[in-house]
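Chain residues, written in single-letter form:
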Amino acid sequence: MSAEFGGSTTGWQGRISQWLRGGRTNAREDAAATAAESGRREELLLAVARAGLPIAPAAHPAAYRCSCDRVGCPTPARHPISFAWHTQSTTDRAQIERWAKHQPQANFITATGIVHDVLDVPLEAGREALERLLGAGIEVGPVAESDDGRLLFFTLTRGTPDDEDEWWPCELDCHPETMDEHPGLRWHCRGSYVLVPPARLPGEQGVYWVRGPEFALPDPLSLLEVLTDACARYAGEEPDHATAAWPHRN
């Protein structure tokens, strides 16, 4: 799938493609491209905030490692910078502009369970489900793709129901009683987060929009049946990948 938001590819991916096609640009062109990339990054982050999704700074790649000081970081470039990320997360334009200016390399996370949840599925299962949902005329909200093999469906939050037994926990596919029924599906809700595009991962990988934040958030239950069905079939074809690790509760 193409890395699109508003009809154009994310800046850092475009620069990599340009470098592969035509070699390095000169210093002036590099500086101009960097400035344009920075502006594009800020524009995308502000679009997320305008959609009402609270964000906070996260770590970024440092070569093939993580920018944090932790030796052997288990989730390089995928975690918040601050332990107070949940309360720090905001949609305030001025604060996001300050972060973008003073932390130009930082990725950003969005805290789930406040305004939105995220249904996180293996990439191939997610692509199949997305095609089926759109073909059936079901409303699909923002969707992000991660180069490490996941597709993220942004939905309205499940909130805080009176009866918690009505809902699966965030680690949806980590319990023996749910593994067979819903293999590969993670439901990011209260107490969790995901990276928001544009984000960079080690090894020149990234996270980017397939459908941008301008799309309205749907009810998660309207997507769940198709997603779980696609995940179950994907698990039967690719059992080694269906339960790949993903940091979904923190």
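Parameters and conventions
- Residues numbered from 1 in each chain as written.
- Predicted model: local features only at pLDDT ≥ 70, side-chain atom pairs only at ≥ 80, totals over all residues.
- Heavy atoms only, no water.
- Phe/Tyr/Trp six-rings, centres within 6.5 Å; stacked < 30°, edge-to-face > 60°.
- Helix = DSSP H or I, 4+ residues; strand = E, 2+ residues; numbered from the N terminus.
- Buried < 20%, exposed > 50% of the residue type's maximum accessible area, 1.4 Å probe, protein only.
- Lys NZ or Arg CZ within 6 Å of the ring centre and 35° of its normal.
- pLDDT = per-residue confidence, 0-100.
- Contact = heavy atoms within 4.5 Å.
- Pairing = 2+ DSSP bridges.
- Axes fitted to C-alpha atoms, helices over the stretch in contact; angles between N-to-C directions.
- Polar contact = N/O pair within 3.5 Å; in protein donor to acceptor, adjacent residues only side chain to side chain.
- Salt bridge = Lys/Arg side-chain N within 4 Å of Asp/Glu carboxyl O.

**Observations regarding the packing of aromatic side chains**
Moving on, step 1. As enumerated under the stated definition, the model contains 3 aromatic pairs in all.
Moving on, step 2. Taken together, a centroid distance of 4.9 Å and an interplanar angle of 75 degrees make the contact between Trp-85 and Tyr-193 edge-to-face. Of this pair, Trp-85 sits in helix H3 (residues 85-88) while Tyr-193 sits in strand E9 (residues 193-196), placing them 108 residues apart in sequence.
Moving on, step 3. Consider the rings of Phe-154 and Trp-209, whose centres lie 5.3 Å apart with planes at 55 degrees: the pair is tilted. Taken together, the positions of Phe-154 in strand E7 (residues 150-156) and Trp-209 in strand E11 (residues 205-211) put the pair 55 residues apart, joining distant regions of the chain. Here Phe-154 matches Trp-209 in class, with each residue buried.
Moving on, step 4. Looking at Arg-211, its charged tip hangs above the ring of Phe-215, at a distance of 3.8 Å from the centre.

**Structural notes on unusual backbone geometry**
Most peptide bonds adopt trans geometry, and most residues besides glycine take a negative phi value.
Moving on, step 1. Residue Pro-198 is reached from Pro-197 by a cis peptide bond, and omega for that bond is -5 degrees.
Moving on, step 2. The topology assignment puts Pro-198 in the loop between E9 and strand E10 (199-201).
Moving on, step 3. The phi torsion at Ala-63 lies on the positive side, around 60 degrees, for a residue other than glycine.
Moving on, step 4. With respect to the element layout, Ala-63 can be found in the loop between strand E2 (61-62) and strand E3 (65-66).
Moving on, step 5. A residue is classified by how much of its surface remains accessible, and Ala-63, at 58% relative accessible area, is exposed.
Moving on, step 6. If you check the backbone angles, Ala-77 has positive phi at about 65 degrees while not being a glycine.

**Some thoughts on the confidence of the model for the protein chain**
Moving on, step 1. Mean pLDDT over the protein chain works out to 78, with 70% of the residues at or above the 70 mark.
Moving on, step 2. Here residues 1-25 is a poorly scored stretch, pLDDT under 50, and it has 45 contacts once near neighbours within four places are set aside; other chains count.
Moving on, step 3. In this model, residues 238-250 is a region of pLDDT below 50 whose contacts with residues beyond four sequence positions or in other chains number 39 contacts.

**A short note on the sheet that holds strand E1 (residues 55-58)**
Strand pairing in a sheet relies on backbone hydrogen bonds, with the paired strands running either antiparallel or parallel.
Moving on, step 1. Read from one edge to the other, the open sheet built from 3 strands follows the order E1-E4-E9, with strand pairing classed as antiparallel. Looking along the sheet, the strands with just one partner apiece sit at the ends: E1 and E9. Strand-to-strand twist of the sheet, defined as the mean angle between neighbouring strand axes without regard to direction, takes the value 40 degrees.
Moving on, step 2. The strands touched by helix H4 (residues 93-102) are E1 and strand E4 (107-111); relative to E1, the strand with the most contacts, the crossing angle is about 15 degrees.

**Structural notes on the environment of Pro-213**
Moving on, step 1. Note that Pro-213 resides in the loop between E11 and helix H7 (221-237).
Moving on, step 2. On the accessibility criterion, Pro-213 (6% relative accessible area) is buried.

**Thoughts on the sheet that holds strand E8 (residues 186-188)**
Moving on, step 1. A sheet is described by the order of its strands in space; here 6 strands give the open sequence E8-E5-E7-E6-E11-E10, paired in antiparallel fashion. Since the sheet does not close on itself, it has two edges, and those belong to E8 and E10, each with one partner. With strand direction ignored, the average angle separating the axes of adjacent strands in the sheet is 25 degrees.
Moving on, step 2. Each of strand E5 (116-122), strand E6 (143-146), E7 and E11 touches helix H5 (residues 123-135); the most contacted strand, E7, lies at about 45 degrees to it.

**What to know about the side chain of Thr-112**
Moving on, step 1. When you line up the elements, Thr-112 lands in the loop between E4 and E5.
Moving on, step 2. Reaching out from Thr-112, the side chain makes a polar contact with the backbone oxygen of Cys-189 at a distance of 2.7 Å.
Moving on, step 3. With near-sequence residues (within four places) excluded, Thr-112 lies in contact with Asp-117, Val-118, His-188, Cys-189, Arg-190, Gly-191, Ser-192 and Tyr-193.

**Observations regarding the pattern of salt bridges**
Moving on, step 1. One pass over the full model with this rule turns up 10 salt bridges.
Moving on, step 2. A salt bridge links Glu-145 to Arg-127; the nearest nitrogen and oxygen atoms lie 3.0 Å apart. On the criterion of sequence distance, the pair formed by Glu-145 in strand E6 and Arg-127 in helix H5 is long-range, its members being 18 residues apart.
Moving on, step 3. With a relative accessible area of 3%, Glu-145 lands in the buried category.
Moving on, step 4. Judged by its relative accessible area of 23%, Arg-127 is partly exposed.
Moving on, step 5. Put simply, Asp-229 and Arg-132 hold a salt bridge, and the shortest N to O gap is 2.8 Å. Residue Asp-229 is found in helix H7, and its partner Arg-132 is found in helix H5; the two are separated by 97 residues along the sequence.

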